[in-house]
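Chain residues, written in single-letter form:
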Amino acid sequence: MAIHEFGVRELADRIRAKELSAGEAVAAIFDRIDKTEPIIQAFLHLDPEYARRRAKVIDQLSAEELQHLPLAGVPIAVKDNMTTISMPTTAGSKILKGFMSPYNATVVDRLEAAGAIIVGKTNLDEFAMGSSTEHSAYHITRNPWDTNRVPGGSSGGSAAAVAARMVPAALGSDTGGSIRQPASYCGVTGLKPTYGRVSRYGLIAFASSLDQIGPLTRNVEDARLLYEVIAGHDPLDATSLPQTVESGRPSLPDWRDVRIGVPKEYDGEGIAPRVQARYHEVLALLQEQGAQLVELSLPHTRYAIATYYLVAPAEASSNLSRFDGVRYGFRAESNELLPMYERTRAEGFGSEVTRRILLGTHALSAGYYDAYYLKAQKVRTLIRRDFELAFGQVDVILAPTTPDIAFQFGEKSQDPLQMYLSDVYTVTANLAGIPGISTPAGLIGGVPVGIQWLGAALQETRLLEIAQAFEHLWPAQPWPSVGGDL
Amino acid sequence: MSLSQEQVKHVARLARIRLESEDAARMTVHLDAVLEYMTQLNELNTDDIDPTMHVIPLTMPLRDDQVRTSLPVEEALKNAPDRRDNMFGVPRIMDGGDR
């Protein structure tokens, strides 16, 4: 097995045992990136120099010191909406071109403290607003399984980099599905933890009541390793939860003890027949293993997209008001203040970001606040209650991650509402604040499809154990042939 | 159409984004379709439902008021497009513009 094919755990074990140096791992990863990145274009910024320097530090540690580093020498990519001192942070936007953050995001500090080596920053839809990474101000990213298709979004660069085996793991952020949907499209594992589990200090805010950071990896165990490093209370994020994060060896469940909720609203209107058939195949397999399938209803699911696309843009319009051409980023020239603001923001933001700021500003404006934003927040309560009731009956809910496999470039980018509707199965977890993980469920016509496991708030450990048990039942496919090595 | 181009221009002014006429026309079509889709929320009676402001119950965290070093001025200003001494420069606000 080539070094770039190792997962997080496999690399860290070898580096801790000094069978492999961090320097060798970094060299192998950049060889792989040199071959595949021209095709995939997953990154906005790569820093081999920085990675080599960090590797040297790791390689000077004693075997005893390395034992304390769960991610010793593991190369990791970070979505470019998380701040890094050593590399630019653009959020995929022209308005932040060249921005150098004066501080690291907490997740970046935690990864590095655990021994990880940040190799670069991955592409995304501008400010994480999009489902295809086509809305990056810099370039598109291609799906490693079929380069005519999108990798999903907004964490499309992170998902594509992991699937193309440029890095064993990457961080993404998930506001309405932006980790789970690209994980599904690229055939990797993507975890969105409970709202507040992972500190968002240094994550460029999109929708503050929904945003959450999580890992994208090639297996569930690696997702858990990263999750345990980045999760936990952070005094720098006032929404960060105080509850302790369980760690240690997972105990995989006996399927006969698992009650799986099968919500009827995720299995009908809008789902592509090929994805529905795969979903049913998975359910049948689990039933065969003795799992108890419990049909249930989450009756407010059909209102989730409308709710999400009011709440998220409203919060975004407020969060993005900081980009005014004064303190950082791009400024359009004008000798008057108001036109300077208006031109800076018109030239600095792309069309999708502008659309969402306008939608959100409208939803919050005088005379419309009650009808739109407040109404949506009330419906959100109903959606949350649906899940609370459901988790009284079942351990986990199983649903498709996406209504269909990855779409082709340009297929949805001209019709915003069509693009929004493709988030139908993922936005609910953000609205309810619960954790969700997408794991691969094979290929359809050579392109991957994922399924999504949803758990009750703070039940990540159980969720990960169940997802890992499924991985044993349905091992991941061979990886895509890209860069001419398979 | 429930949303007029004038309304979109008004919202763009509130959001401090300059919109050219053709962009305003295109945005009006998109936003109108999206807002039309949103009207389905009115099917639900939510009179007695509390809005979700915080999805996970959390009391306001407080910390001790400690003296700490803050971001150095040099660092805080390093990304400023118009730096003047130890301040952020902006176009003149009074008397209708110019520096």
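The name that an unreviewed UniProt entry assigns to chain A is Glutamyl-tRNA(Gln) amidotransferase subunit A, with the source organism given as Sulfobacillus benefaciens. As its UniProt record puts it under Function (unreviewed entry), chain A is described as follows: "Allows the formation of correctly charged Gln-tRNA(Gln) through the transamidation of misacylated Glu-tRNA(Gln) in organisms which lack glutaminyl-tRNA synthetase. The reaction takes place in the presence of glutamine and ATP through an activated gamma-phospho-Glu-tRNA(Gln)."

### Observations concerning the overall build of chain A
The helix and strand inventory of chain A stands at 16 helices and eleven strands. Relative to its length of 486 residues, chain A is compact, with a C-alpha radius of gyration of 21 Å against a globular reference of 23 Å. By its C-alpha atoms, chain A is 65 × 55 × 45 Å across when sized along the principal axes. For chain A, with 486 residues in total, the buried portion stands at 61%. Look at the contacts in chain A between residues 6 or more apart in sequence, and 77% of them connect residues 24 or more apart.

### Digging into the pairing of strand β10 (residues 436-444) of chain A
All names here are of chain A. The pairing of strand β5 (residues 189-192) with β10 spans three bridges and is antiparallel. From the neighbouring strand, Gly190 faces β10, where its bridge partner is Ser438. With seven bridges joining them, β10 and strand β11 (residues 447-454) adopt antiparallel strand pairing. Across the sheet, Ile444 pairs through a bridge with Val447, a residue of β11. Remark: two residues form the turn of the hairpin made by β10 and β11, two consecutive strands paired antiparallel; Gly445 in that turn has positive phi of roughly 60°.

### Quick word on the UniProt feature "active site" (unreviewed entry) in chain A
Residues and elements named next belong to chain A. Those places that UniProt annotates as "active site" (unreviewed entry) correspond, in this numbering, to Lys79, Ser154 and Ser178. Spanning 100 residues, the named residues nonetheless gather at one spot, since no C-alpha pair among them exceeds 11.0 Å. On the secondary structure map, Ser154 appears in the loop between β3 (117-122) and α6 (156-163). Look at Ser154 and you get buried, because 35 C-beta atoms sit within 10 Å. The residues contacting Ser154, other than those within four sequence positions of it, are Leu124, Asp125, Ala128, Met129, Gly130, Thr133 and Ser178. Judged by local crowding, Ser178 falls into the buried class, with 37 C-beta atoms found within 10 Å. The contact partners of Ser178, leaving out residues within four places of it in the chain, are Ala128, Gly153, Ser154, Ser155, Gly172 and Ser173.

### Quick notes on the UniProt feature "domain: Amidase" (unreviewed entry) in chain A
Annotation from UniProt places "domain: Amidase" (unreviewed entry) at residues 24-464 of chain A. Each end of residues 24-464 of chain A is marked by a C-alpha atom, and these two atoms are 31 Å apart; helix forms 37% of the span and strand 14%.

### Quick look at helix α11 (residues 337-348) of chain A
In this model α11 of chain A runs 16 Å from its N-terminal to its C-terminal C-alpha over twelve residues, within 8% of the 16 Å that 1.5 Å per residue would give. When we look at burial in α11 of chain A, the residues that qualify are Met340, Tyr341, Glu342, Thr344, Arg345 and Gly348 of chain A.

### Looking at the interface of chain A and chain B
Listed by partner, the interface residues are 58 residues for chain A and 44 residues for chain B. Of all elements in the fold, only α10 (304-319), α11, α12 (351-364), α13 (370-390) and α14 (416-421) of chain A reach the threshold of two or more residues within the side of chain A that touches chain B. Ranked by the residues each element gives to the side of chain A that touches chain B, the list is headed by α13 of chain A, at eleven residues. Across the side of chain A that touches chain B, the residue classes tally to 30 nonpolar, 17 polar and eleven charged.

Definitions and limits used
Residues numbered from 1 in each chain as written. Chains lettered and ligands numbered in written order. Predicted model: local features only at pLDDT ≥ 70, side-chain atom pairs only at ≥ 80, totals over all residues. UniProt positions renumbered as here; feature names shortened; annotations may be inferred. Helix = DSSP H or I, 4+ residues; strand = E, 2+ residues; numbered from the N terminus. Rg over C-alpha atoms; globule rule 2.2 N^0.38 Å. Buried ≥ 20, exposed ≤ 12 C-beta atoms within 10 Å, placed from the backbone. Contact = placed C-beta atoms within 7 Å. Pairing = 2+ DSSP bridges. Expected span 1.5 Å × (residues − 1). Nonpolar A, V, L, I, M, F, W, Y, C, P; charged D, E, K, R; others polar.

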